[in-house]
Amino acid sequence: MTTIPFTEPLGTAGSCAFSVAGTTENAQDIESLAGAAPAGPARIADRVRRSGQVAQVRPADATRPTAQVRVGARPTGLDVRVGGGVGSSPQRPDGRLKVSGEFAFSSDLWADDMLWGATLRSPYPRAKLTGLDLTAAVALPGVYAVLTAQDVPGRRVYGLEHADQPVLAGTEIRYQGEPIAIVAADHPETARRAASLIKADYEVLAPVTDPDAALLPGSDRVHADRPNLLRHVPIRKGDPAATAPVVVTGEYQVGMQDQAFLGPESGLAVPAEDGGVDLYIATQWLHVDQQQVAACLGLPQEKVRLTLAGVGGAFGAREDLSMQVHACLLALRTGRPVKMVYGREESFFGHVHRHPARLRYEHGADRDGRLVYVKASIVLDGGAYASSTGAVVANAATLGIGPYDVPNVVMDAYGLYTNNPPCGAMRGFGAVQACFAYESQMDRLAAAVGLDPVEVRLRNALTTGDRMPTGQLVEGPAPVAELLRLVRERPQAPAGADFPPGGTANTTRGEGVVRGVGYAIGIKNVCFSEGFDDFATARVRLELVGGRPAALVHTAAAEVGQGLVTVQAQIVRTELGVEQVTIAPADTSVGSAGSSSASRQTYMTGGAVRAACLALRARLAARLTALGRAPSTSDNDKKGPFLSAEEWVGALEAGALEETVEWRHRPTHALDPETGQGDAHVQYAFAAHRATVDVDVELGLVKVVEIATAQDVGKAVNPQAVAGQIQGGTAQGLGLALMEEIQVVDGMVRNPSFTDYLLPTIMDMPPMRLDVLELADPHSPYGLRGVGEPPTISSTPAVVAAIRAATGAALTRVPVRPEHIVGA
Amino acid sequence: MTCTVNGVPRTADDVWEGESLLYVLRERLGLPGSKNACEQGECGSCTVYLDGTAVCSCLVAAGQAVGREVVTVEGLSGGPDAEPGPVQRAFLAAGAVQCGFCTPGLIVAVDDLLSRNPHPTDPQIREALAGNLCRCTGYEKIMEAVRLAAGGQA
Amino acid sequence: MMDFLTPVTWADALAVKADRPEAVPVAGGTDVMVELNFHRRRPAALLDLTRVPELAAWGRDGDVLRVGAGVSYTRLIEELGGLLPGLAAASRTVGSPQIRNRGTLGGNLGSASPAGDGHPPLLAAGAVVELASVRGTREVPVADFFTGPKRSVLAPDELIAAVLVAPADGPEQFAKIGTRNAMVIAVSSFALALHPGRRSVGTGIGSAAPTPRRAPEAEEFAAAHLPWDGPGPLDPDLARRFGELVSAAAAPIDDVRGTAAYRRHSLSVLARRTLTWAWEELCE
C-alpha cells in the first residue's frame, strides 16, 4: 500500500477564509481554459465581472450572427487559492459567486437571440394518441417551431438501462405528463400558449396502476412488446427451508418520494456552425447525456458538446434526460439558441421519482434474538419507463436484509412497469425502501424476544469477515456495532424543545405530548455494481503562471452541490502542494467522469485526479532528473511541499505538463440470475441514527426534537462538507418519514406543487449531533467511503421507530400521517 | 416599467403586465440572482426587499413594483468586486452553501432578520427562516451561519 | 394582452372596478400571482390595490375597529396583536414572513378559500365585512359572506373595503393543524372568542366544510354551561362535550391534505383545548 504524504495535519475541521485570486493573474489559466472551451464562435459580452470569471473575447464571425452569451451565463473556471489539502475544510471555490447571486445556474443562462421552449404533455396516464393538429400553434405570432415525434431525426427512444422512452410520444401515452410536442417561441408565455393550442386527440385507456396486479399474467401490458416484470433479482443463501422458534412478519409500504431539487430542469442549447449543438445543462452525467442526445439527434458525438451549467441540486433526478433532446431539437430546427426552464409543477412530471415499494418480510430468530433466516419480497413500482429500475431492484435485493449477519436468506425483489409516474434514481437507490422494512422488523423482533432495540441489532451486527446474502465478503472495516453504540451512548436530548408539535400553530401547550426515541442502522453500496465498467477521467495540467506553479483540473464530473469542486482542489493541493488550482468547467471535451450518484464521485473522480497528480509527480521528477536536479525530498517521505519554488521553476520552465488519466476501481461481478450470488459491490458504507421525537398523541402531530447520527466515512476528505452531506441526507430521510409523498391515484398526481408536496422547513428539522468515524477502506483513495447516501437510509426508520415508541402505533407505512397515529 | 433596483433606476421594456417582479429581475434586468424554484411563494428562493420589506418577488406583479425600491441579493453584495458582506461571509465560513440555489433568498431573509433582531435566539431564527426551503443542507449550517453573522464573528 | 390598472385613491378603485368588473383585484398577490404564474388564470385586467392608502389603514370607529382590507398579516401581528389576539395568532400561522409581509385580510376574504387562516377568528369575533362599490357600501356579517368554496357574496363591481370587528373583550384563541411545523395550508383550524361580559362564545371552523363556518350549537352549549359567575376550573366533561359539538358542526371531506374523519377528530381536540386555555386565561 502506498503511503500518501500529507502536507496538512489530518483531521482538522477548521474552515479558512480565502480571497480569490485576481483576474489579471489568471491570464494563462484563461488561455488554457479557452483551449478547453466548446467549439464554435462565441463572443462573450464585455462586462467582466469578478475574479474567477473567464473574460474571453474571440473574433466573431462577421458573416453570420453569433450567439452572444452573457458572462455568468457561461460556466466559468473556478479559481482557488486553496490553503487546505485532504482532511481540511477550505471554503468552496464557487462559494463567492453563490452567495452574491452571481453563480450561473442552468436556469440563469441567457443568450442574445435566444428562443424559449415549452412542452405539451399528456393529461392522461394511459392513452392512444390518435391525432395531433399543430395548425393553431404554428400560426401563433412569435412561434418558430413546433415539433413532434416524427421530427426526431435519429433514434426516437432513449433510456439509462433500456432505450424504451420516446423523446416525444408516438401513438402510445404511458404516463401522465408524457411529452408529446415541443414549441420554440420568442417569449416563454408565447411558447406555453402555443403548446396549449395544439389539438391532441386521445383514446383514453384504463391505466395499469396496481403493482401486484401488474405482475399477474392477465394484466394489460404497459409496453406491448415486453412483460410488465422489468427485473426480478432473487437471492438464495443457505437453507431456504430454515425454521426458527421466534417468527416476526410484517408488510410495509414506502410512498413515492420526490427529489425536489430546488433548481428546475433547465438548460440552453446553442446550434453550432458545424451542424452540431452546444448544450449547457444541469445534469449528473454529461457523457451519458451526450450519448443519448447524439443518438436521438442522429449526430456523431463529437458534434454534440455538453458543458455543465450550475446545478441546483440533483439527488438522482437528473440522471435521466429531461429537456436535453428537446432543447437541442428546437435549436437545430430554428438555428437559434433555445432555453427551456421547467416550472415547479412541470418539474414534478419532468423527472423520475423514488420507487414506491411494498415490502413483505419474515424474520426468524432464536430466543436470544439471533437471526436464523430472513425471507423477503420487495415490489418496486417503476412506472412507465425503465430508467434505472433494474439497478434499484438489485440494490434493494442485495442490501435488503440490512447490515446483519444472517445465515439463511430468501429474497425476491421485483421491478415492474405500470402507468404510474416513471421512477428511477433517488439518493439511497433501493436501500432506503428496504431499510424501512428491515429496521421495522428488527424492532418487532426486539419486542418479541424481550430485548431492547439496540441490543437485538448488536447481536446480529455485520462485521468484517462476514458474508453478505450475495456471498460477497465484507472486507475492511464494518463498524455496525460501533455506530449503534455511538448513537445509543450519546446523551439523550434535553427535556423540552424549541417548538411543540405543531410549531407556532398553537395546537398544544404540552397536552398529549409524549416523547419517544428510536434507532436504526443501514447499509449502502458505494459506486456502480454488477460488473459495470465504471471509470472517471481527470486531466491535470501544470504550468508556471507568474513564476509560480499553477494547476488546472479538468473533469466532466458534475458538481451538484456536494462540494466535488472543493475536493478536487484539495487533492491537488495534497498531492502536488500547488496553491493555485483552477477547476475548469466540466464538459465533454475531456473523458467521462461517470455519474454524480451512488456516492461515488469523491472516490472515482477524486481517485482519477489523484492518479493524474501522481503521474505528474513522476514526470516532474523525471524532468528534474534529466536536468541533473533530483527533487530534494524523496517521494514517499513527504512532510513539506512536493517541490521547492526553484524546483518548480526548473521542472516547468520547459513547458507545461499534463496528464489525463482514466481511473477504475476493482472490478465487480454480476449476480447469478438464480441465486443472486456474486461480488457485485465495490464498497459498503454504514450509518446509524437515533431520533428523538415529541408526539402529540391526540392529534398525531410530530416534532423531531433531535437526531443523532454516526457514520463511518473512511476518510473525511473535507470534514465540513462531510457534515453537510450527513445533515442534508438526514433531512431527506426525515421528510420521507413525516411528510413527503407524491400522491398518485389512478395514475394521476394529486399534489404536483410545493403547497402539497411538503419538504421539511427549518422549523421541522432539529439540531443534529454527528459522530464521524474514519476507518480507512484499504482499496479506496485515502481510505475514503462514499458519504452522500448513507444518511438518507437509517434516518427514516429511526424517526418512525421513535414515533412508535411514543404512541404504540404500528406505523407500517411512510410517510406517517397524523391519521395513522391517531387511528382516525 | 421603471423602478429602482439596488439603488439604480432601471427600466424594462415590453414588460407583460402579468409578469412577476421575479421574471423582470431575472430575464429583463440582467439580475438572475433571485431564484425561481417554485414561483408560488412556497420556497423563498425569490426573496427580495420591496420598499424595505422582505417579500417573495414571484408574488409581486411587475406593475406593482413600478416606482418602488427593490433590493436583491446582488445589491447586498455591494458590487462584483466588493468584499462579501457579513451575512455572506458567515454562510461561506459555516459551510452553509451546497448547491447554492436557496442561498440568495436566504441571504436576503437573514439580512432582514438581523436588521430587525440583531441577536435572535435559535427559535426566532427558525421561525424567521421558515419560508426559505433548502434541500441540501438540513439547515444546520445555515443556523451556524446566522449565529456567526449575529455574533459579529464572520 | 392584460391591462394593469393602478388607482391611487379608494374612489378611483371603485370607479375602475365598476367600469371593469372583470378586473381581478390584487394586493399581496399571494393567491392571484400564484394563479398567474401557474397559467391557471388569464384575467383581462389586474386591479392593483397596493397604491390605495385608505386600504392599508386601521383605526377605531366607535366601538369597533375598522381594519382596512390591505393591512398585511405582519401588521396585524405587530399592531393589532393586543386588540385582536385571535386574529394575530392566526396571522402568525400564515405562510412565511415573506408571505405575511404581503398577504392581507382582504385578500384572504376575496379568495374565500375554506382554508383561509383569517376566517375563523373573524367568525369567532362576529366581525363584519364592509363591501363597497360606486353604488355605496354595505356590511355583511362574516358568517354570511361565504357562499361556497372560493365563492362569496362579493358582487362583480364590489371591492372589500375593511373588516369591522370589536376589540377582544375576553380571551381569544386560534389553533391550526398542519402536517409540518410551518408553512402549511390548514388541514383544519379552530378559533374561539369568549365574551364574559355578555356570557357568549364565538367560534370559527376552518378547512372542514365548504366554507368557513361557526359551530352554533357548541356556542350555545358553552354559553349556557360555562360557570361565568364563579370562574373556577373548567369541567373536563364540559370541554369534551364542547369539542364534540364543534366537531359535529363540521362537514369535512377527504382530500390530499387529510381525511374527513381526521378533520372531525382534530377539531374536537382543538376545540376542547382552546376552550380550556381561554377559560384559564379568564380565570387569571
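Source: prediction; values computed, not measured.

Cut-offs used in this document
Residues numbered from 1 in each chain as written. Chains lettered and ligands numbered in written order. Predicted model: local features only at pLDDT ≥ 70, side-chain atom pairs only at ≥ 80, totals over all residues. Heavy atoms only, no water. Helix = DSSP H or I, 4+ residues; strand = E, 2+ residues; numbered from the N terminus. Buried < 20%, exposed > 50% of the residue type's maximum accessible area, 1.4 Å probe, protein only. Contact = heavy atoms within 4.5 Å. Areas by Shrake-Rupley, 256 points an atom, 1.4 Å probe, with all protein chains shown as cover. Buried area = accessible area lost by both parts, 1.4 Å probe. Salt bridge = Lys/Arg side-chain N within 4 Å of Asp/Glu carboxyl O. Pairing = 2+ DSSP bridges. Axes fitted to C-alpha atoms, helices over the stretch in contact; angles between N-to-C directions. Polar contact = N/O pair within 3.5 Å; in protein donor to acceptor, adjacent residues only side chain to side chain. Domains from an automatic or database assignment. Phe/Tyr/Trp six-rings, centres within 6.5 Å; stacked < 30°, edge-to-face > 60°. Core = buried A, V, L, I, M, F, W, Y, C linked by side-chain atoms within 4.5 Å. Parallel < 35°, antiparallel > 145°, perpendicular 65-115°, else oblique. Left-handed = near helix turned anticlockwise from the far one by under 90°. Expected span 1.5 Å × (residues − 1). pLDDT = per-residue confidence, 0-100.

### Notes on the overall build of chain A
Here comes step 1: A tally of helices and strands in chain A yields 19 helices and 33 strands.
Here comes step 2: In chain A, buried positions account for 66% of the 824 residues.
Here comes step 3: Across chain A, the fraction of contacts at a sequence separation of at least 24, relative to all contacts at a separation of at least 6, is 82%.
Here comes step 4: By element, 52% of the accessible surface of chain A is carried by carbon and sulfur atoms, the whole surface being about 25,300 Å².

### Side note on the interface of chain B and chain C
Here comes step 1: The partner chain C presents 30 residues to the 33 residues of chain B that form the contact.
Here comes step 2: Of the roughly 2,400 Å² buried where chain B meets chain C, counting both sides, 54% is carbon and sulfur surface.
Here comes step 3: Between the two partners, chain B and chain C, sit 2 salt bridges.
Here comes step 4: A salt bridge links Glu42(B) to Arg180(C), with the nearest nitrogen and oxygen atoms 3.9 Å apart.
Here comes step 5: The dominant element in the side of chain B that touches chain C, judged by the number of residues it contributes, is strand S4 (residues 53–56) of chain B, at 4 residues.

### Let's talk about the sheet that holds strand S32 (residues 768–773) of chain A
Residues and elements named next belong to chain A.
Here comes step 1: Spatially, the 4 strands line up as an open sheet ordered S23-S28-S29-S32, and their pairing is mixed. Looking at strand neighbours, the two that pair on one side only are strand S23 (513–526) and S32, the edges of this open sheet. Adjacent strand axes in the sheet meet at a mean angle of 15 degrees, parallel and antiparallel pairs treated alike.
Here comes step 2: Bridge analysis of strand S29 (residues 701–712) against S32 gives 6 bridges, and the strand direction is parallel. Along S32, the bridge assignment pairs Ile707 with Met768.
Here comes step 3: Sheet contacts for helix H12 (residues 480–489): S23, strand S28 (683–696), S29 and S32; angle to S28, the most-contacted strand, approximately 25 degrees.

### Considerations on the interface of chain A and chain B
Here comes step 1: Listed per partner, the contact involves 67 residues of chain A and 55 residues of chain B.
Here comes step 2: Buried area between chain A and chain B, summed over both chains or domains, comes out near 4,700 Å², and the portion from carbon and sulfur atoms is 57%.
Here comes step 3: The largest per-residue losses of area from chain A upon contact with chain B belong to Val99(A), Leu262(A) and Ile762(A), which jointly make up 17% of the total buried on that side.
Here comes step 4: Taken together, the links from chain A to chain B amount to 5 salt bridges.
Here comes step 5: We note a salt bridge from Arg126(B) to Asp498(A), for which the minimum N-O separation is 3.5 Å.
Here comes step 6: For the pair chain A and chain B, the number of links is 28 residue pairs in polar contact (both at pLDDT 80 or more).

### What about the sheet that holds strand S14 (residues 229–237) of chain A?
Residue and element names in this part refer to chain A.
Here comes step 1: Spatial strand order, S14-S22-S21-S20-S15-S33: 6 strands in an open sheet with mixed pairing. The outermost strands of the open sheet, each flanked by one partner alone, are S14 and strand S33 (813–814).
Here comes step 2: Relative to strand S20 (residues 357–365), strand S15 (residues 246–254) is paired through 9 bridges, and the arrangement is antiparallel. Looking at S20, one finds that Thr249 is bridged to Glu362.
Here comes step 3: This element, helix H10 (residues 431–449), spans S15, S20, strand S21 (371–381) and S33 of the sheet and lies at about 145 degrees to S15.

### Structural notes on the domain arrangement of chain A
All names here are of chain A.
Here comes step 1: Looking at chain A, the domain boundaries give domain 1 (116–206 + 260–350), domain 2 (353–422 + 430–529 + 671–822) and domain 3 (535–664).
Here comes step 2: Between domain 1 and domain 2, the residue contacts involve 22 residues of the former and 26 residues of the latter.
Here comes step 3: In total, domain 1 and domain 2 occlude about 2,000 Å² of area from one another, counting both sides; carbon and sulfur atoms represent 62% of this.
Here comes step 4: Among the residues domain 1 hides against domain 2, the three largest losses belong to Glu161, Asp164 and Phe348. Together they make up 31% of the total.

### Considering the packing of aromatic side chains
Residues and elements named next belong to chain A.
Here comes step 1: Applying the stated criterion across every chain, the model contains 16 aromatic pairs over all chains.
Here comes step 2: Summarising the aromatic geometry, the rings of Trp285 and Phe528 are spaced 5.9 Å apart at their centres and angled 80 degrees between planes, so their arrangement reads as edge-to-face. Remark: Phe528 occurs in the loop between S23 and strand S24 (535–545) and Trp285 occurs in the loop between strand S17 (277–281) and helix H6 (286–297); sequence separation between them is 243 residues. Both residues of the pair, Trp285 and Phe528, count as buried.
Here comes step 3: Measuring from centroid to centroid gives 6.4 Å for Trp285 and Phe532, while their planes differ by 65 degrees, and the two rings are edge-to-face.

### Focus: the side chain of Ser188(C)
Here comes step 1: Locating Ser188(C) in the fold gives a position in strand S12 (residues 188–195).
Here comes step 2: Excluding its chain neighbours within four sequence positions, the residues that come into contact with Ser188(C) are Ala175(C), Lys176(C), Ile177(C), Gly206(C), Ser207(C), Arg263(C), Ser266(C), Leu267(C) and Leu270(C).

### Brief notes about the pattern of salt bridges
Here comes step 1: The final tally for this structure, using the stated rule, is 75 salt bridges over all chains.
Here comes step 2: With a shortest N-O distance of 2.6 Å, Arg272(C) and Glu698(A) are connected by a salt bridge. Taken together, the residues span two chains, with Arg272(C) in helix H11 (residues 260–283) and Glu698(A) in the loop between S28 and S29.

### Points about helix H4 (residues 188–197) of chain A
Here comes step 1: Among all positions of H4(A), only Glu189(A), Thr190(A), Ala191(A), Ala194(A) and Ala195(A) are buried.
Here comes step 2: Residues of H4(A) that are buried in the fold lie against strand S6 (115–121), helix H3 (135–139), strand S8 (143–147) and strand S12 (179–185) of chain A.

### Points about the pairing of S15(A)
Remember that side chains alternate between the two faces of the sheet whenever the strand is regular.
Residue and element names in this part refer to chain A.
Here comes step 1: The alternating pattern of S15 places Val246, Val248, Gly250, Tyr252 and Val254 on a buried face and Val247, Thr249, Glu251 and Gln253 on a face that is not buried.
Here comes step 2: The pairing of S15 with S33 spans 2 bridges and is classified as parallel. Residue pairing across strands places Gln253 opposite Arg813, the latter belonging to S33.

### Section: the nonpolar core
Here comes step 1: By size, the foremost hydrophobic cluster in this structure holds 152 residues, and its most contacted members are Tyr361(A), Ile803(A) and Phe91(B).
Here comes step 2: Here this core gets 11 residues from one element, more than from any other, and that element is H10(A).
Here comes step 3: In this structure Phe91(B) touches Val99(A), Ala96(B), Val97(B), Thr103(B), Leu106(B), Ile107(B), Val110(B), Ile142(B) and Ala145(B), once residues within four positions along its chain are discounted.
Here comes step 4: The next biggest cluster of nonpolar side chains, apart from the first, holds 86 residues, and it includes Val609(A), Phe642(A), Trp663(A) and Tyr782(A).

### Structural notes on the packing of helix H13 (residues 564–576) of chain A against helix H14 (residues 601–626) of chain A
All names here are of chain A.
Here comes step 1: Viewed as axis vectors pointing N to C, H13 and H14 meet at an angle of 30 degrees, and their least axial separation amounts to 9 Å. Here H13 is positioned roughly parallel relative to H14, judged by the angle of their axes. The two elements H13 and H14 meet at a crossing, and its hand is right-handed. Residues Leu564, Val567, Gln568, Ile571, Val572, Glu575 and Leu576 of H13 touch H14, and the partners they reach there are Gln601, Thr602, Thr605, Gly606, Val609, Arg610, Cys613, Leu614, Leu616, Arg617 and Leu620.

### Here's the deal with the domain arrangement of chain C
Here comes step 1: The domain architecture assigned to chain C consists of domain 1 (1–48) and domain 2 (172–283).
Here comes step 2: The C-alpha-based centres of domain 1 of chain C and domain 2 of chain C are spaced at 36 Å.

### A word on the side chain of Arg610(A)
Residues and elements named next belong to chain A.
Here comes step 1: By secondary structure assignment, the location of Arg610 is in helix H14.
Here comes step 2: Note on Arg610: relative accessible area 12%, which makes it buried.
Here comes step 3: Here Glu575 takes part through its side chain, which lies 3.3 Å from a polar atom of the side chain of Arg610.

### Structural notes on the environment of Ala691(A)
All names here are of chain A.
Here comes step 1: Within the secondary structure, Ala691 is located in strand S28.
Here comes step 2: The class for Ala691 is buried, based on a relative accessible area of 1%.
Here comes step 3: As for Ala691 and Glu319, which are separated by 372 residues in sequence, their C-alpha atoms are 31 Å apart.
Here comes step 4: Not counting chain neighbours up to four residues away, the residues in contact with Ala691 comprise Gly516, Val517, Gly518, Glu706, Ala798, Val799 and Ala802.

### Things to note about the environment of Pro227(A)
All names here are of chain A.
Here comes step 1: Here Pro227 is to be found in the loop between helix H5 (211–214) and S14.
Here comes step 2: What makes Pro227 partly exposed here is its relative accessible area of 43%.
Here comes step 3: Not counting the four nearest positions on each side in its chain, Pro227 is found in contact with Arg221 and Tyr417.

### Observations regarding the environment of Thr104(C)
Residues and elements named next belong to chain C.
Here comes step 1: Considering the arrangement of structural elements, one finds Thr104 in the loop between helix H5 (97–102) and helix H6 (105–111).
Here comes step 2: Along the chain, Thr104 and Ala278 lie 174 residues apart, while their C-alpha atoms are 26 Å from each other.
Here comes step 3: Those residues in contact with Thr104 that sit more than four places away from it in its chain are Ala27, Ala69, Gly70, Val71, Ser72 and Tyr73.
Here comes step 4: Here Ala69 takes part through its backbone oxygen, which lies 3.4 Å from a polar atom of the side chain of Thr104.

### Some points on H10(A)
Residue and element names in this part refer to chain A.
Here comes step 1: Counted at 1.5 Å a residue, the expected span for H10 with its 19 residues is 27 Å, and the 26 Å between its end C-alpha atoms agrees.
Here comes step 2: By the criterion of burial, H10 is predominantly enclosed, with 16 of the 19 residues buried.
Here comes step 3: Of the residues flanking the end of H10, it is Gly450, one or two places downstream, whose phi is positive at about 75 degrees.

### So, the confidence of the model for chain C
Here comes step 1: Across chain C, the average pLDDT comes to 96, with 100% of residues at 70 or higher.
Here comes step 2: Scoring the predicted complex yields pTM 0.93 and, for the interface, ipTM 0.98.

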